[in-house]
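# Observations on chain architecture
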Amino acid sequence: AQTVTQSQPEMSVQEAETVTLSCTYDTSESDYYLFWYKQPPSRQMILVIRQEAYKQQNATENRFSVNFQKAAKSFSLKISDSQLGDAAMYFCAYSLNTGNQFYFGTGTSLTVIP
Amino acid sequence: AAGVIQSPRHLIKEKRETATLKCYPIPRHDTVYWYQQGPGQDPQFLISFYEKMQSDKGSIPDRFSAQQFSDYHSELNMSSLELGDSALYFCASSLAGASFSNYGYTFGSGTRLTVV
């Protein structure tokens, strides 16, 4: 069975600073996808970044980057130059492929301090 | 760009009533998924449909049923509502067989169901 674990229920970061959110997962599959979703108070689930397991290169989207360690089954999200708008609940998620369900972690609530 | 549309946005029902939630996927998406997110919890997969057939089933109670129609929209029917059914219900859609890097997997804004 697939499980996703986020060990940090809450995190805070000073505006303009860098923060890293942790995620580990468990799977016996070799080919899968990992995601970070952001859920602001508006509750919309917004895709932040996506990583294909077969790619060794870490995904990057502007201020957001991941540290994907496949052997360790670790997938952390780094947010650089944090902005007030980054404040939200962040969910790490796993999926085999399109057509398959997502498995979510329990989320990390990020507070950005002005 | 068109997104996943869910209706209604908010719904208040009494215990033992029924509720129907609707989901309209992104055009050309053939797969629809339903998730339930309780207060302060992560989304839990309920059920999915591909080409109008149930493709996967998660922790969906027997009191709930769902279907996908010929226009690919989906409805989640919930009967004998309980207080514990109060949650945010997300729908998502995708194009099965397409890689995530092309078509991704898009969530709707959810329906907030409150059972009183």
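Overview of the structure. (Residues numbered from 1 in each chain as written. Chains lettered and ligands numbered in written order. Predicted model: local features only at pLDDT ≥ 70, side-chain atom pairs only at ≥ 80, totals over all residues. Heavy atoms only, no water.)

Okay, the packing of aromatic side chains next. Taken as a whole, this structure holds 21 aromatic pairs over all chains when the rule is applied. Pairing Phe104 of chain A with Tyr35 of chain B gives two aromatic rings, centres 5.7 Å apart and planes at 85 degrees, and the pair type is edge-to-face. Linking Phe104 of chain A in strand β11 (residues 103–104) with Tyr35 of chain B in strand β4 (residues 31–37), this pair reaches from one chain into another. The same class applies to Phe104 of chain A and to Tyr35 of chain B, which are both buried. (Phe/Tyr/Trp six-rings, centres within 6.5 Å; stacked < 30°, edge-to-face > 60°. Helix = DSSP H or I, 4+ residues; strand = E, 2+ residues; numbered from the N terminus. Buried < 20%, exposed > 50% of the residue type's maximum accessible area, 1.4 Å probe, protein only.)

The strands making up a sheet associate through hydrogen bonds between their backbones, and the pairing can be parallel or antiparallel. All names here are of chain B. Spatially, 4 strands are ordered β1-β3-β8-β7 in an open sheet, and the strand pairing comes out antiparallel. The open sheet terminates on both sides in strands that have one partner only, identified here as β1 (5–7) and β7 (64–68). The sheet shows a mean angle of 15 degrees between the axes of neighbouring strands, taken without regard to direction. Examined bridge by bridge, β1 and strand β3 (residues 19–24) share 3 bridges and lie antiparallel to one another. Counterpart to Gln6 in the pairing with β3 is Cys23. (Pairing = 2+ DSSP bridges. Axes fitted to C-alpha atoms, helices over the stretch in contact; angles between N-to-C directions.)

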